[in-house]
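A look at the structure
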Amino acid sequence: MEPAADFLAQILTDAPQPVWVLNDQGLIVFANPAAVAALGYDHPSDLYHRHSHDTVHRLPDGSPYPRGHCPMQEPFRSGDAAHGADEWFERRDGSLFPVDWWVAPIALSGGQGAVLAFTDVSERRAAEQAVRERDAAAIREAESRAAQRRIVEASAVVRRQVARDLHDGAQQSLVSVLISTQLAREEVARDPARAGELLDEAVAHAREAINDLREIASGLHPPILTHGGLVTAVEDLATRASLPVTVDGSLPRRLPEVVENNAYFFVAEALTNAAKHAAATSASVSIRLHDAELSVEVRDDGVGGARAGGEGSGLSGLMDRVGALGGRMIVRSPRGRGTTVRAEIPVRPGIG
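Sequence order sets the numbering: in each chain, residues are counted from 1 along the sequence as written. This being a predicted model, a pLDDT of at least 70 is required before a residue's local features are given, and a value of 80 or more before pairs of side-chain atoms are given or counted; all residues contribute to the totals for chains, interfaces and linings. Neither water nor hydrogens contribute to the side-chain values; these are computed over all heavy atoms in the structure.

A few words now on the overall build of the chain. The numbering of helices and of strands both runs from the N terminus, where a helix is a DSSP run of H or I of at least 4 residues and a strand a run of E of at least 2. A tally of regular secondary structure across the chain gives ten helices and eleven strands. Here the term buried applies to any residue with accessible area under 20% of the maximum for its type, exposed to any over 50%, and partly exposed to those in between, with areas from a 1.4 Å probe on protein chains only. Looking at the 352 residues of the chain, the share that counts as buried comes to 37%. Every accessible area reported is derived by Shrake-Rupley at a probe size of 1.4 Å, with residue values counting cover from the shown protein chains alone. Carbon and sulfur atoms provide 54% of the accessible area of the chain, an area that totals close to 19,500 Å².

And the structure:
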């Protein structure tokens, strides 16, 4: 062993930091016990005369790190020290582990050598990953609470709107029915013709009330969705949209009611957004079932520039609706090139 290596051995044998010394050919001429143990060898002599780079340095996929590009060779190329972070070494058994390493030139009697030290950062990586997962879980929880709050608020708005619609529409028609019927009863004996007119008015008001109630009920859950399924209901929706809409879809079976209901209103809200926010002149809807995932895509030719969660984008309600079913929503909206929103909703197999 080189005299310089003998001197280093006296200092480094008991050091907890894995360290080895390389000769001018990059061969290991000294390895302390910490390095031997970290690499899974039995004795320092198992490492001696091995090329340091070829023995341990690997790419993340386990393939050899190209020697010509290896920064560990810097002391031999330029005489400068070098450092690598979050790289990979290989143990004797072929397993990989992440390391940070440092290498510096050292003068040996036979020429320019180098001393290399490294640290196994597996525990640090695991701790960082745990922190990231914890933070991600906290973010998901916060987003879930916010979505639930928005859903509750939206439900309250719907209830208030239904109450107004009932009061201003069906209730007023029914009040008119009651008044016309009472007046007709008073006129039956005195003026049968007038009584008949009043009864006709009562019938007309009753029909208005029925139509109003049907309209309100269809906004809550369209009957055609119950009887015809998602594709049929969306096709019907397209005929009533304020802009031309084409529908391309087929499903091999009926889906769970909650999935069909949310997918239908996803399309309804997306088409409303296209007309209201995007100034679109046409739109298209695609509905497909891939294995156990429903894909519903709405595309328009509007102004684009929509951003998921953006202020005034009209997309928050769509995201909440999809997220409530454990799905995800993808938005593509380049400025001037229209907007595409796609919901991917998991569907439990065997249900429907």
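Having seen the structure, we can now continue with the description.
Two rings from Phe, Tyr or Trp (for Trp, the six-membered ring) form a pair when their centres are within 6.5 Å of each other. A pair whose planes differ by under 30 degrees is stacked, one over 60 is edge-to-face, and the rest are tilted. What the rule picks out here adds up to six aromatic pairs. Their ring planes at 15 degrees and their centres at 6.4 Å tell us that Trp20 and Phe89 sit as a pair that is stacked. With Trp20 in strand E1 (residues 19-22) and Phe89 in strand E4 (residues 82-90), this residue pair connects regions lying 69 residues apart in the sequence. The residues Trp20 and Phe89 share a single accessibility class, namely buried. Site record: aromatic cluster; members linked through ring pairs are Trp20, Phe89, Phe97 and Phe118.

Further remarks concern the pattern of salt bridges. Proximity of charged atoms lets side chains of opposite charge pair with each other. Salt bridge, as used here: a side-chain nitrogen of Lys or Arg that lies within 4 Å of a carboxyl oxygen of Asp or Glu. Tallied over the full model, the rule gives 21 salt bridges. Ionic pairing is found between Arg124 and Asp100, a salt bridge with its closest N-O pair at 2.9 Å. Linking Arg124 in helix H5 (residues 122-187) with Asp100 in strand E5 (residues 96-108), this pair joins segments that are 24 residues apart in sequence. Look at Arg124 and you get partly exposed, because its relative accessible area is 34%.

With that settled, the discussion passes to the nonpolar core. Taken as a class, soluble globular proteins show a tendency for nonpolar side chains to be buried jointly. In these notes, a set of buried Ala, Val, Leu, Ile, Met, Phe, Trp, Tyr and Cys residues joined through side-chain atoms within 4.5 Å is what counts as a nonpolar core. Among the nonpolar cores identified, the biggest contains 37 residues, and Phe266, Val267 and Leu294 are the most heavily contacted of them. For this core, the secondary-structure elements that each account for two or more residues are helix H8 (230-239), helix H9 (257-276), strand E8 (283-290), strand E9 (293-300), helix H10 (316-323) and strand E11 (340-346). If you tally residues by element for this core, the top one is H9, at ten residues. By the convention used here, residues are in contact when the closest approach between their heavy atoms is within 4.5 Å. Not counting the four nearest positions on each side in its chain, Leu294 is found in contact with Leu230, Leu251, Leu255, Val259, Ala263, Ile287, Arg288, Leu289, Ala343, Glu344, Ile345 and Val347.

Quick look at the sheet that holds E4 now. Within the open sheet, the six strands sit side by side as E2-E1-E6-E5-E4-E3. Their pairing is antiparallel. For this open sheet the edge positions go to strand E2 (28-31) and strand E3 (57-58), each flanked by a neighbour on one side alone. Pairs of strands are assigned from DSSP output, requiring at least two bridges between the strands. Bridge analysis of E5 against strand E6 (residues 111-120) gives ten bridges, and the strand direction is antiparallel. Residue Asp100 lies in a different strand from E6, and its bridge partner there is Thr119.

We now examine the side chain of Glu344. Secondary-structure assignment places Glu344 in strand E11. Here the side chain of Glu344 touches Arg328 through a polar contact of 2.7 Å, side chain to side chain. What qualifies as a polar contact is a pair of N or O atoms within 3.5 Å, subject to a donor-acceptor requirement within protein and to the restriction that residues adjacent in sequence count only when both atoms come from side chains. Within polar-contact distance, the side chain of Glu344 engages the side chain of Arg342 at 3.1 Å.

For the rest of this paragraph, the subject is unusual backbone geometry. The phi dihedral of His49 falls on the positive side, at around 70 degrees, and the residue is not glycine. The phi angle at Asp86 is positive, at roughly 55 degrees, despite the residue not being glycine. With respect to the helices and strands, the residue Asp86 is situated in strand E4. Note on Asp86: relative accessible area 37%, which makes it partly exposed.

Here we come to the sheet that holds strand E10 (residues 328-332). The sheet built from five strands is open, its strands ordered E7-E8-E9-E11-E10 with mixed pairing. Strands with a single pairing partner mark the edges of an open sheet, and in this sheet they are strand E7 (245-249) and E10. Within this sheet the neighbouring strands show an average axis-to-axis angle of 10 degrees, counted without direction. Here E7 pairs with E8 via five bridges, running parallel. When the bridges of E8 are listed, Gly249 appears paired with Ile287. With axes taken as lines fitted to C-alpha atoms, and helix axes fitted only over the stretch in contact, angles between N-to-C directions fall between 0 and 180 degrees. Strand contacts of H9: E7, E8, E9, E10 and E11, with the helix running at about 15 degrees to E9, the strand carrying the most contacts. This element, H10, spans E10 and E11 of the sheet and lies at about 150 degrees to E10.

Mapped onto the secondary structure, Gly302 falls in the loop between E9 and H10. For the pair Gly302 and Ala279, spaced 23 residues apart in sequence, the C-alpha to C-alpha distance is 5.3 Å.

Looking at where Lys276 falls in the secondary structure, it is placed in helix H9. Sequence separation between Lys276 and Ser242 is 34 residues; the distance between their C-alpha atoms is 9.7 Å.

Quick look at the confidence of the model for the chain now. Confidence scores labelled pLDDT are given residue by residue by the predictor and lie between 0 and 100. A residue-level look at the chain finds 82% of positions with pLDDT of 70 or above and a mean pLDDT of 82. The lowest-confidence element of the chain is helix H1 (residues 3-12), averaging 61 in pLDDT; the highest-confidence one is E9, averaging 95.

The next thing to look at is the packing of H9 against H10. At a minimum axis distance of 10 Å, the contact between H9 and H10 shows a crossing angle of 170 degrees. Of the possible angle classes, the one that applies to H9 and H10 is roughly antiparallel. Facing Asn262, Phe265, Phe266, Glu269, Ala270 and Asn273 of H9, the residues of H10 in contact are Gly317, Leu318, Arg321 and Val322. By the definition adopted for this analysis, an angle is roughly parallel if under 35 degrees, roughly antiparallel if over 145, roughly perpendicular if from 65 to 115, and oblique otherwise.

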